[in-house]
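Structural overview
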Amino acid sequence: MIETALFFVFAGLAVLAAASLILQRHPIHSALSLIVVMVSLAALYLLLGAEFIAAVQIIVYAGAIMVLFVFVIMLLNAGAEERTSFSRLARYVGIPAGILLTVQLAYTVARAASEQAHRAPAVEPSSTRNLSLMLFREYVLPFELTSVLILVAILGAVVLARREK
Amino acid sequence: MSPVPITYYLVLSAILFGLGVVGFIFKRNIITIFMSIELMLNAVNLAFVAFSRQLGQLNGQVFVFFVIVVAAAEAAVGLAIVILIARTRQSLNVERVDLLKL
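Residues numbered from 1 in each chain as written. Chains lettered and ligands numbered in written order. Predicted model: local features only at pLDDT ≥ 70, side-chain atom pairs only at ≥ 80, totals over all residues. Heavy atoms only, no water.

Digging into the pattern of salt bridges
Residue and element names in this part refer to chain B. Filter applied, for reference: Criterion for a salt bridge: a side-chain nitrogen of Lys or Arg within 4 Å of a carboxyl oxygen of Asp or Glu. Think of it this way: any DSSP run of H or I at least four residues long counts as a helix, any run of E at least two long counts as a strand, and we number them from the N terminus. Here the term buried applies to any residue with accessible area under 20% of the maximum for its type, exposed to any over 50%, and partly exposed to those in between, with areas from a 1.4 Å probe on protein chains only.
Counted by the stated rule, this structure contains one salt bridge over all chains. Of the charged contacts in the structure, one is a salt bridge between Arg28 and Glu95, with a shortest N-O distance of 2.8 Å. With a gap of 67 residues between them, Arg28 in the loop between α1 (6-26) and α2 (30-55) and Glu95 in the segment after α3 (59-89) connect regions that are remote in the sequence. Look at Arg28 and you get buried, because its relative accessible area is 14%. For Glu95, a relative accessible area of 43% gives the class partly exposed.

So, helix α3 (residues 51-76) of chain A
Note the threshold: Helix span, as expected, comes to 1.5 Å for every residue beyond the first. Two axes are fitted around each residue, one to the seven residues ending there and one to the seven starting there, and the angle between them is reported as the bend at that residue. Between two residues, a contact is recorded if the distance between any of their heavy atoms is within 4.5 Å.
Over its 26 residues, α3 of chain A extends 36 Å from the first C-alpha to the last, a length consistent with the 38 Å expected when each residue adds 1.5 Å. Along its length, α3 of chain A reaches its greatest deviation from straightness, about 30 degrees, at Met66 of chain A. Buried within α3 of chain A we find Ile53, Ala54, Val56, Gln57, Tyr61, Ala62, Ile65, Met66, Phe69, Val70, Val72 and Ile73 of chain A. Its buried side turned inward, α3 of chain A meets α2 (27-47) of chain A together with α2 and α3 of chain B. The positive-phi residue at the C-terminal boundary of α3 of chain A is Asn77 of chain A, with phi of around 55 degrees.

Some details on the packing of α1 of chain B against α2 of chain B
All names here are of chain B. The criterion, for reference: Geometry is summarised by axes, namely lines fitted to C-alpha atoms with helices restricted to the contacting stretch, and by angles between N-to-C directions that run from 0 to 180 degrees. Roughly parallel means an angle under 35 degrees; roughly antiparallel means over 145; roughly perpendicular covers 65 to 115; every other angle is labelled oblique. Handedness of a crossing follows from how the near helix is turned relative to the far one, being left-handed for an anticlockwise turn of less than a right angle and right-handed for a clockwise one. In the scheme used here, Gly and all other residues not listed as nonpolar or charged are polar, with Ala, Val, Leu, Ile, Met, Phe, Trp, Tyr, Cys and Pro taken as nonpolar and Asp, Glu, Lys and Arg as charged.
Their axes nearest at 8 Å, the elements α1 and α2 cross at an angle of 165 degrees. One element, α1, and the other, α2, form an angle in the roughly antiparallel class. Along this stretch, α1 crosses α2, giving a crossing that reads as left-handed. Partitioning the contact of α1 with α2 into residue classes produces 19 nonpolar, five polar and one charged.

As structure tokens, this is what we get:
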């Protein structure tokens, strides 16, 4: 019962913050809204029994990535978004199309889930121990490859952002 | 099983993804567009974790881990590109970034 209540609190918070991300015109307000979305998603991961993912979500997403965003916004001194006039077509076709996309996605994914429900094994999969065993046994090659990816990304970021003499 | 049906999580994930798509298309500020992409990645992560819970397998959570790692790398490179664009064009409005070469 309390779990359902918590789900609706955090789901509502996530949707409201995501809407605020779009509606705010100043990028720093959008960034703060995105942090709210990420923290509520971390709470939902806890409800789903994924403690490790919840911790990583807070540390890496809400911590590192969003700090990077806020840092860049402040570094560039980004002001409010310029208001450009949308064409009528964008307003009257784009927004219904977005809603249609959302409904279609929700319908398709939820139907796939209800098909799976019949043969769902009622195992409690979680525990960080099992996750790390899987990560370092079955997925050890992808895991090592991501370290190369991060190294390349660091080099790329440094080369791109370097000030040319 | 969780008392909250998995369908609720998937619908929430679809709503967040839809909002991310709308933000990606409608926003003009390049940083906000980038944040919309992060929102879409988060929505997909939620679907991964929900399916992982439902199927009783951890592969979904491992995938989320990799998605987060790639998102971190993407954010680093992407923000470097944003800084470069802001430096050369003096604007963050994507409508002014329409030339490959200045």
